[in-house]
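Architecture and fold: a report
Below are the chains, spelled out letter by letter.
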Amino acid sequence: MESLTDVAAQLYVNSSQRQALLNALREDDVVSNFEFEVVRADGRTMWVRESVRAIRDEGGALLYLEGTVEDVSDLWWGEQRRRLQSALAHVLGDATTSRRRARKS
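Helices and strands together make up the secondary structure of the chain, namely 3 helices and 3 strands. N-terminal to C-terminal, the α/β element order of the chain is α-α-β-β-β-α. Considering the chain as a whole, with its 105 residues, one finds that 18% of them fall into the buried category. Contacts spanning at least 24 positions in sequence make up 28% of the contacts within the chain whose residues lie at least 6 apart.

Moving on to unusual backbone geometry. With a phi angle near 65°, Asp-29 is a residue other than glycine that sits in the positive phi range. For Asp-29, a relative accessible area of 24% corresponds to the partly exposed category.

Calculation notes
In this convention, every chain numbers its residues from 1, walking through the sequence in written order. Confidence filtering applies because this is a predicted model: local features only for residues at pLDDT of at least 70, side-chain atom pairs given and counted only at 80 or more, and all residues used for totals across whole chains, interfaces and linings. Computation of side-chain values: all heavy atoms of the structure, hydrogens and water removed. By the criteria applied, helices consist of DSSP H or I runs no shorter than four residues and strands consist of E runs no shorter than two, each listed in order from the N terminus. Burial classes follow relative accessibility: with a 1.4 Å probe on protein chains only, a residue under 20% of its type's maximum area counts as buried, one over 50% as exposed, and anything between as partly exposed. A contact between two residues is defined here by any heavy atoms of the two lying within 4.5 Å.

The analysis is restricted to geometry; functional conclusions fall outside its scope.
This is the structure in structure tokens:
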């Protein structure tokens, strides 16, 4: 963390995600289950889920952010794999149906 000089550019794979998180915090002071891809210290990437809330003083000034970050890489990739398999099954099912119709004609 000490080597980070630009969190959005160095930590976020898609730097616009940082801005999206900050915009959501400005609107509601709380963000739950925000998922994004980050670059680890070793250069590999991982998917995380962050829940965070703004802590403010009596005057409304931001004091700090409090929250949790969870590695959800396995869940994220599992969901992507499930979607791909479902799409593939749909395409293959359509191809099989088309071949059957072609044979009957």
